[in-house]
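What follows is each chain in one-letter form.
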Amino acid sequence: MTNAFTPIEILRPAVLEFGCGTITAAARFAERIGAKRPLVISDPFNARRVDRLALPGAVKVFGEVKPEPDLPNLDKAVAMAREVKPDLVIGFGGGSAMDLAKLVAVLCTSEVAFADIVGPEKVAGRSVALMQIPTTSGTGSEAGTRALVTDPVSRNKQAVQSRFMLADIAIVDPDLTMTVPEEITAATGVDALAHCVEAYTSRKAHPAIDLYALEGARLVGQRAVADGGDREARAGLALASLYGGYCLGPVNTTAGHAVAYPLGTRHHVAHGLACAVIFPHTLAFNMPAAEAKTAAVLAALGLPAQSDAKLAFEATYGFCRNLGIEMRLSALGVPRDDLGVMADEAHAIRRLLDNNPRDLGRDAILSMYEVAF
């Protein structure tokens with residue numbers, strides 16, 4: 001674990017508008033920068049409510065973002081953007097829409113290929129404005145510098161990280177999340193929780209981020225996930241998601257996300273749901289290497305103190321299950337005969353596993369899948 005003397009760089013959107021009703025900031029920002037050709041990157045549902053943004057100019061909408069966007073989905077969005085020549089790109093939706101918006105914003109003004117920017121800080125620059133507006137609470141993508149897209153050939157997620165993909169303005173209006181169904185609210189809420197907990201227990205953990213991580217976990221633990229119709233609860237969950245996004249930039253996730261990724265890339269399990277299913281398994285596995293921090297996480301979630309990893313697993317598994325989350329891989333359409341291949345793929349995600357507080361081998365990953373099955 002790192003300490004306060006370890007160097008860290010923390011990047012934030014230039015402007016953050018947070019709170020119920022802040023959606024009105026979208027029009028004000030667009031007008032202030034003189035936007036004439038806004039392009040909204042969205043999923044089909046949110047594409048139908050773009051009028052709520054009240055954007056000026058000749059507004060165009062790419063409304064075909066997939067739940068787990070792949071390279072063809074990105075290529076289609078970039079092709080439209082190169083034709084439209086936007087001066088403002090807006091990600092309006094969940095993490096998938098915001099991730100594609102980041103990539104569209106940096107790719108639409110050049111002929112650079114996606115393959116050339118995969119990895120850390122390979123983007124040369126950005127000349128169009130970027131706005132991010134989340135409509136779910138989970139990914140925290142509005143606050144970060146990373147975007148992930150699935151390669152349909154390898155069925156692996158490819159990550160781009162760049163300071164040029166940081167939003168000029170992030171607008172987090174909890175009212176936009178009121179229409180999210182209860183089961184999706186729960187799963188994405190545990191995704192936010194996983195961001196916070198994985199960053200908090202990471203080998204790269206840092207005191208400057210720990211306070212966001214622990215408070216994010218506490219906000220989820222207040223049952224904001226379960227109280228979906230409550231504006232105050234929705235606001236709490238939106239804040240937890242934002243804090244999780246703050247954790248991703250300088251620290252990032254660890255084993256939980258690595259083990260969860262194949263569920264989405266191979267079997268189209270929604271990312272938040274995949275993270276929720278895996279969360280208790282990796283938290284318990286890591287407990288021997290992060291006992292004090294695991295105890296703090298359990299306390300933040302309002303769960304009894306535990307000194308045994310098995311009891312910590314049972315407590316967090318129950319927490320997720322009581323939110324109505326389906327925790328069995330067999331019920332999510334994952335075939336047993338693919339668990340070995342999934343374990344191979346998860347074990348190869350070194351950019352995350354190398355940050356895990358405890359070495360996680362391929363066989364241990366397979367064991368997690370088998371217990372979760």
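Before reading on, note that the structure itself is shown above.
Residues numbered from 1 in each chain as written. Predicted model: local features only at pLDDT ≥ 70, side-chain atom pairs only at ≥ 80, totals over all residues. Heavy atoms only, no water.

### Examining the packing of aromatic side chains
For the structure shown, the criterion picks out four aromatic pairs. Note on tyrosine 243 and tyrosine 246: the rings are 6.1 Å apart at their centroids and 35 degrees apart in plane angle, and the pair reads as tilted. Taken together, the positions of tyrosine 243 and tyrosine 246, both in helix 7 (residues 231–248) and three residues apart, correspond to about one turn of that helix. Its relative accessible area of 18% is what places tyrosine 243 among the buried residues. Ring-pair connections join several aromatic residues into one group, and the members of that group are Tyr212, Tyr243 and Tyr246. (Phe/Tyr/Trp six-rings, centres within 6.5 Å; stacked < 30°, edge-to-face > 60°. Helix = DSSP H or I, 4+ residues; strand = E, 2+ residues; numbered from the N terminus. Buried < 20%, exposed > 50% of the residue type's maximum accessible area, 1.4 Å probe, protein only.)

### A short note on the environment of alanine 81
Within the secondary structure layout, alanine 81 lies in helix 3 (residues 71–84). Taking relative accessible area as the criterion, alanine 81 reaches 0% and is therefore assigned buried. Along the sequence, alanine 81 and phenylalanine 62 sit 19 residues apart, while their C-alpha atoms lie 8.6 Å from each other. Among residues more than four places away in sequence, those in contact with alanine 81 are Leu39, Pro86, Val104 and Cys108. (Contact = heavy atoms within 4.5 Å.)

### As for the layout of surface pockets
By volume, the largest pocket amounts to about 1200 Å³. Taken together, 49 residues line the largest pocket, and the ones lying closest to its centre are Pro67, Gly94, Gly95, Ser96 and Thr139. Counting residues per element, the ones that place at least two in the lining of the largest pocket are helix 2 (44–47), helix 4 (95–107), strand 7 (146–151), helix 5 (182–201), helix 8 (255–267) and helix 9 (271–286). Ranked by residues supplied to the lining of the largest pocket, first place goes to helix 5 with six residues. Tallied by class, the residues present in the lining of the largest pocket amount to 16 nonpolar, 21 polar and 12 charged. (1 Å grid on protein atoms, 1.4 Å probe; cavity = no way out; pocket = protein on both sides within 12 Å on 5 of 7 lines; lining within 4 Å. Points joined across faces, edges and corners; volume = space filled by probe spheres on them. Nonpolar A, V, L, I, M, F, W, Y, C, P; charged D, E, K, R; others polar.)

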